[in-house]
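Here are the chains, one letter per residue:
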Amino acid sequence: MDETVAEFIKRTILKIPMNELITILKAWDFLSENQLQTINFRQRKESVVQHLVWLCEEKQASVNDAALLDIICEDVDLFDMKQFKNSFKKILQRALKNVTVSFRETEENAVWIRIAWGTQYTKPNQYKPTYVVYYSQTPYAFTSSRLRRNAPLLGQALTVASKHHQIVKMDLRSRYLDSLKAIVFKQYNQIFESHNSTTPLQERNLGLDVNMDSRIIHENIVEKERVQQITQETFGDYPQPQLEFAQYKLETKFKSDLNGSILAEREEPLRCLIKFSSPHLLEALKSLAPAGIADAPLSPLLTCIPNKRMNYFKIRDK
Amino acid sequence: MYRNGVQGRYKQTMDSYDASESTPRQSTSSRPEDYFIGATFLQKRLESVRKQTSFVPTPPRRKIPHCSLLQEDVDLQKVAFLLHKQWTLYSLTPLYKFSYSNLKEYSRLLNAFIVAEKQKGLAVEVGEDFNIKVIFSTLLGIKGTQRDPEAFLVQILSKSQLPSENRESKVLWTGWFCCIFGDSLLETVSEDFTCLPLFLANGTESNTAIIGTWFQKTFDCYFSPLAINAFNLSWMAAMWTACKMDHYVATTEFLWSVPCSPQSLDISYAIHPEDAKALWDSVHKTPGEVTQEEVDLFMDCLYSHFHRHFKIHLSATRLVRVSTSVASAHTDGKIKILCHKYLIGVLAYLTELAIFQIE
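Predicted model only: the values in this text are computed from it and were never measured.

Novice: Any details on the overall build of chain A? Residues and values, ideally.
Specialist: Helix and strand counts for chain A come out as 12 helices and seven strands. The proportion of buried residues among the 318 residues of chain A is 39%. If you take every contact in chain A between residues at least 6 apart in sequence, the share linking residues at least 24 apart comes to 62%. Within the structure as shown, chain A displays about 19,800 Å² of accessible surface, and the carbon and sulfur contribution to it stands at 50%.

Novice: Hey, could you go over the packing of aromatic side chains for me, with residue numbers and the actual values?
Specialist: Residues and elements named next belong to chain A. For the structure shown, the criterion picks out 42 aromatic pairs over all chains. Plain terms: the ring middles of Y135 and F142 are 5.8 Å apart, the flat faces sit at 90 degrees to each other, and that makes the pair edge-to-face. Neither residue differs from the other here; Y135 and F142 are each classed as buried. It is K59 that lies over the ring of F30; its NZ or CZ is 5.3 Å from the centre.

Novice: Provide a residue-level description of the side chain of B:T324, including the pertinent values.
Specialist: Residue and element names in this part refer to chain B. Structurally, T324 is set in the loop between β13 (318-323) and β14 (327-330). A polar contact of 3.1 Å, which involves the side chain of T324, links it to the backbone nitrogen of V326. Not counting residues up to four positions away in its chain, the partners in contact with T324 are A237, W240, T241, A250, T251, T252 and L338.

Novice: Would you mind going over the sheet that holds strand β4 (residues 140-143) of chain A in detail, with residue names and values included?
Specialist: All names here are of chain A. The four strands are arranged β1-β2-β3-β4 in an open sheet whose pairing can be described as antiparallel. Where the open sheet ends on each side, the last strands, each with one partner, are β1 (99-106) and β4. Shown here is a sheet whose adjacent strand axes are inclined to one another by a mean of 20 degrees, direction ignored. Here six bridges tie strand β2 (residues 110-117) to strand β3 (residues 130-135), and the two strands are oriented antiparallel to one another. Bridge pairing in β3 links V111 to Y134. This element, helix α8 (residues 177-184), spans β2, β3 and β4 of the sheet and lies at about 155 degrees to β4.

Novice: Tell me about the interface of chain A and chain B, and name the residues and values.
Specialist: On the side of chain B, 35 residues touch chain A, which itself brings 40 residues to the contact. Taking both sides of the interface into account, the surface hidden between chain A and chain B amounts to around 3,100 Å²; carbon and sulfur atoms contribute 63%. The largest share of the area that chain A buries against chain B comes from A:R271, A:I293 and A:D295, three residues that together contribute 19% of it. Summed over the shared surface of chain A and chain B, the number is three salt bridges. One salt bridge connects A:R271 with B:E274, and the closest N-O pair in it is separated by 3.3 Å. Those elements that place two or more of their residues in the side of chain A that touches chain B are β5 (245-252), β6 (270-277), α10 (281-288) and α11 (300-303) of chain A. The dominant element in the side of chain A that touches chain B, judged by the number of residues it contributes, is β6(A), at eight residues. Two elements, β6(A) and strand β11 (residues 265-271) of chain B, share six bridges in a ladder whose sense is antiparallel. In the strand pairing of β11(B), A:S277 is matched with B:D266.

Definitions and limits used
Residues numbered from 1 in each chain as written. Chains lettered and ligands numbered in written order. Predicted model: local features only at pLDDT ≥ 70, side-chain atom pairs only at ≥ 80, totals over all residues. Heavy atoms only, no water. Helix = DSSP H or I, 4+ residues; strand = E, 2+ residues; numbered from the N terminus. Buried < 20%, exposed > 50% of the residue type's maximum accessible area, 1.4 Å probe, protein only. Contact = heavy atoms within 4.5 Å. Areas by Shrake-Rupley, 256 points an atom, 1.4 Å probe, with all protein chains shown as cover. Phe/Tyr/Trp six-rings, centres within 6.5 Å; stacked < 30°, edge-to-face > 60°. Lys NZ or Arg CZ within 6 Å of the ring centre and 35° of its normal. Polar contact = N/O pair within 3.5 Å; in protein donor to acceptor, adjacent residues only side chain to side chain. Pairing = 2+ DSSP bridges. Axes fitted to C-alpha atoms, helices over the stretch in contact; angles between N-to-C directions. Buried area = accessible area lost by both parts, 1.4 Å probe. Salt bridge = Lys/Arg side-chain N within 4 Å of Asp/Glu carboxyl O.

Here you go:
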């Protein structure tokens, strides 16, 4: 056997976690049952690998065989749906005797999970289930209803079953799963490149009052154009993902340009909670500067929502 | 709701005065005394109009609400049910020949009217019980000065039909009529009229409509929904923030509606009540009073704090709701009073708005 092939097989096998090794070797089907039985898998990994490579050399493994092993490893590295479902269900059932868990797989490698929660002593409540959508190729899951009691347990089940280390709640909420996906997976700016288009001035629709002084008209056009351009740069030419609200918890000092003496001696910040609501928040925010209700550029607190993938914020003075 | 209703006597006299004096007046009654009453009434109205020196609808300053002396008469138990409820506001023109000694009779008449209306098939709700009870009662102490007429309350209760049940009556609808510091209106009417310009209702709109129709027919008056514009909402927010409170039961909150298209946008701005008070105290200069300048500055501070963070000009949007620990008010003419200490103060402002709408 070629030195390079031996080396390649050795490195490929080293990457396989011990608990999956036997499964993969069996799936590869290159080494026979008898041969695998001669290996003591309880040894140190290096010894196991050495023994395996020696067996492969004996059997004259080719480049193709090595490549096949590689593909099988990739396949198992990819998400094992069955294992995920079993693990997830087991964790919940061990903690709460009474829980109903159902799964449904869809395209895009998404698995929908429905959980009806009970307790040690009560049957699961089928009328208030929680839905989870887990995209197995990504480290993201979306959950419906606000859980209080069972949130830590759900988090633990997801983390362990998906073989991640920890789960972190994002400050992003919406009623539209597609919008959340668009923001989280950054799919909303597919035509991002086109924002630099240079549309000639005449083609843009600017309302003009012909009776006004021509100098004022010019200034108005310049200002309107500036606002349009900044709005376009900030929001892009594409339709915005649909969010219904954004919430800001502010703890900042009052600083006014109106009258310097107001609250001048007060050390404590003003505690405010500000909530923006709209059937389509980002489109509404986009229309504010052109309508003259807001300055352009709009505050980064608002424009960062899709980029930061947050719509719940806590702002304090630095 | 009442715009196409019967024109009250109050309005009628105004209209007919404009016509030439020699032509006979179209009136519901042909008695000569009515004409004289009408004329006297009208003269007084014109005098009061001439007294107004400016066309500014609200005075540039108002007293901060405080516990009025008369409030000691207020039956706290009876008043408690007025709090923490949402009331829809109307202005009401003076009632002609209303008498406090006839309350039992009015209960009977209104009861019969409601039953008749419901049997006619107007505004019947499926499964509704026709077994109702109407109660008129006075509300003692709900007034600003002794000159204000006594406030009164109308309640519609449903009577339980099953003998086994505890005979508990459920309140279906409540409405009350009051007048707080109504001197400017009281001066202009004769004794035949009772001035209770502020009407507050809680219950279904269909019930309010039926009861309103009865009042209009019986006392020749005219109801009109009382909207509260942004200007007055700002005043209310400032005044209620100025009220001294031992402890706060609610956060201070404002709601703006932004006129952007095609999507609507609502902005809610809640500020900790202690911080709102601190801001107000920093703005406030005249003891015991609130001035236009102070209200404007208070609101401008809130606007500028918001603008600093979001670059949005709240002043270009529409204020639709204000909420404090004293009371909350919505531009559609809805009010909820949370603090019994300042009940009279809140009603005084609303009475002012009602009187202005009538005039």
